[in-house]
Amino acid sequence: MSLVRCVDVARTFGQGDRAVVAVHGCSCEVAASARIAITGSSGSGKSTLLHLLAGLEVPTSGTVSWPEFGTSLAERGRDIAVVFQGPSLLPALDVLENAMMAAVLTGIDEAEAVVRGLAALQAVGISDLSNQLPETLSGGQAQRVAVARALTSRPRLLLADEPTGQLDGVTGRHVMDVLLAAADELGAALVVSTHDPAIAARLAEQWEMRDGRLFVPVRGGAA
Ligand SMILES: Nc1ncnc2c1ncn2[C@@H]1O[C@H](COP(=O)(O)OP(=O)(O)OP(=O)(O)O)[C@@H](O)[C@H]1O
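Only a predicted model underlies this, so the values are computations on that prediction, with no experimental measurement involved.

Criteria and cut-off values
- Residues numbered from 1 in each chain as written.
- Predicted model: local features only at pLDDT ≥ 70, side-chain atom pairs only at ≥ 80, totals over all residues.
- Helix = DSSP H or I, 4+ residues; strand = E, 2+ residues; numbered from the N terminus.
- Buried ≥ 20, exposed ≤ 12 C-beta atoms within 10 Å, placed from the backbone.
- Contact = placed C-beta atoms within 7 Å.
- Near = placed C-beta within 6 Å.
- Nonpolar A, V, L, I, M, F, W, Y, C, P; charged D, E, K, R; others polar.
- Pairing = 2+ DSSP bridges.
- Axes fitted to C-alpha atoms, helices over the stretch in contact; angles between N-to-C directions.
- Core = buried A, V, L, I, M, F, W, Y, C linked by C-beta atoms within 7 Å.
- Parallel < 35°, antiparallel > 145°, perpendicular 65-115°, else oblique.
- Left-handed = near helix turned anticlockwise from the far one by under 90°.

This next bit is on the overall build of the chain. Within the chain, the secondary structure is distributed over seven helices and nine strands. By principal-axis analysis of the C-alpha atoms, the chain measures approximately 45 × 40 × 40 Å. Burial statistics for the chain: of 223 residues in total, 40% are counted as buried. The long-range fraction of contacts in the chain, counting pairs at least 24 apart against all pairs at least 6 apart in sequence, stands at 69%.

Here we come to the environment of Leu214. Here Leu214 shows up in strand β9 (residues 213-215). In this structure, the C-alpha to C-alpha distance between Leu214 and Ile199, residues 15 residues apart in sequence, is 19 Å. Not counting residues up to four positions away in its chain, the partners in contact with Leu214 are Cys26, Cys28, Leu49, Trp207 and Met209.

As a further point, take the site of the ligand. In the neighbourhood of the ligand, 14 residues make up the surrounding shell, with Phe13, Ala22, Ser42, Ser47 and Thr48 lying closest. Listed by contribution, the elements that provide at least two residues to the shell around the ligand are β2 (20-31) and α1 (46-54). Among the elements that take part in the shell around the ligand, α1 stands out by supplying three residues, more than any other. Residues of the shell around the ligand, tallied by class, amount to four nonpolar, nine polar and one charged.

Judged by pairing direction, the sheet is mixed, and its six strands sit side by side in the order β5-β6-β7-β3-β8-β9 without closing on themselves. Two strands lie at the open edges of the sheet, namely β5 (80-83) and β9, each paired on one side alone. Across the sheet, the mean angle separating the axes of adjacent strands is 20° when strand polarity is ignored. Where strand β3 (residues 35-39) meets strand β8 (residues 205-210), four bridges bridge the pair, whose relative direction is parallel.

Now for helix α3 (residues 95-105). All buried positions along α3 are accounted for by Val95, Leu96, Asn98, Ala99, Met100, Ala102 and Ala103. Where α3 is buried, its residues touch β5, α4 (110-123) and α5 (139-151). Gly107 occupies a position one or two residues after α3 and carries a positive phi of about 95°.

On the basis of which strands lie adjacent, the open sheet formed by three strands has the order β2-β1-β4 and antiparallel pairing. In this open sheet, the two edge strands, each paired with only one partner strand, are β2 and β4 (61-65). Across the sheet, the axes of successive neighbouring strands diverge by a mean angle of 15°, strand direction being ignored. Where α1 meets the sheet, it contacts β1 (2-13), β2 and β4, and its direction lies at approximately 50° from that of β2.

In this section: the nonpolar core. Of all hydrophobic cores here, the largest spans 63 residues; its most connected members are Leu158, Leu159, Leu179 and Val191. The element that contributes the greatest number of residues to this core is α5, accounting for seven residues. Apart from the residues within four sequence positions on either side, Val191 is in contact with Val30, Ala34, Ile36, Ile38, Leu50, Leu53 and Leu159.

This part is about the packing of α3 against α4. In contact at an axis separation of 8 Å, α3 and α4 are set at 120° when each is read in the N-to-C sense. When the axes of α3 and α4 are compared, the pair comes out oblique. α3 and α4 meet at a crossing whose hand is right-handed. Between α3 and α4, the contacting residues are Val95, Leu96, Ala99, Met100, Ala103 and Val104 on the first element and Glu110, Ala113, Val114, Arg116, Gly117, Leu118, Ala120 and Leu121 on the second.

We now examine the environment of Val147. Following the sequence through the fold, Val147 ends up in helix α5. Accessibility expressed as a C-beta count within 10 Å gives 25 for Val147, which makes it buried. In sequence terms Val147 and Val178 are 31 residues apart; their C-alpha atoms lie 8.2 Å from each other. Dropping the residues within four chain positions of it, Val147 is found in contact with Val83, Val124, Pro163, Val175, Val178 and Leu179.

See below:
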């Protein structure tokens, strides 16, 4: 069962002489139980591919489909969660409100969203920070809130863009522990883009982006 199917997908930014082809003719599928690392150097197209898988970028050509999810953005929003690269917390909301946000936006009532938010903050190890504002958090703490937020909608597809990129080794490993445990508990697919070979090695499949082209190893064989 595939959650996402990309067929000959390309994404170009800009036009004419300034056009940058971030992703070239990429075909791939994400299975329901997948654990995938997308590796590659800076600028190779990892974030663009992740955003295409999430439906946050529209392909310039080719098709992206989500056979198991609804066709509307709202329906997909219930099943797909993204941990973004870089700061993504809303500064006026406290940690719990930020964590609840994904659940609230998918129509979960507030009392249930609070329960889910607190459970997610506990899972990432920062429930004691619930009432603090993002400006008081370290980078590692903020990233854990971003992970907690992604969990509160109980997604079936969890996409994380360099979730450990700004973190020290210990904190990064803990964030990966949380993502892997959450994916197992939710029964979700997990796709993580990363520069870090040690992080990539924790996922069952390694996909590589090189200059916008995707290389997916053949199962049980050579790349
Ligand atoms: N919105 C945009 N407008 C113009 N160019 C873009 C845009 N987004 C990405 N690009 C370009 O597309 C290419 C791929 O970028 P992308 O961010 O997907 O790579 P990446 O592998 O995720 O890089 P990094 O590891 O540094 O985050 C780069 O040349 C980048 O400059």
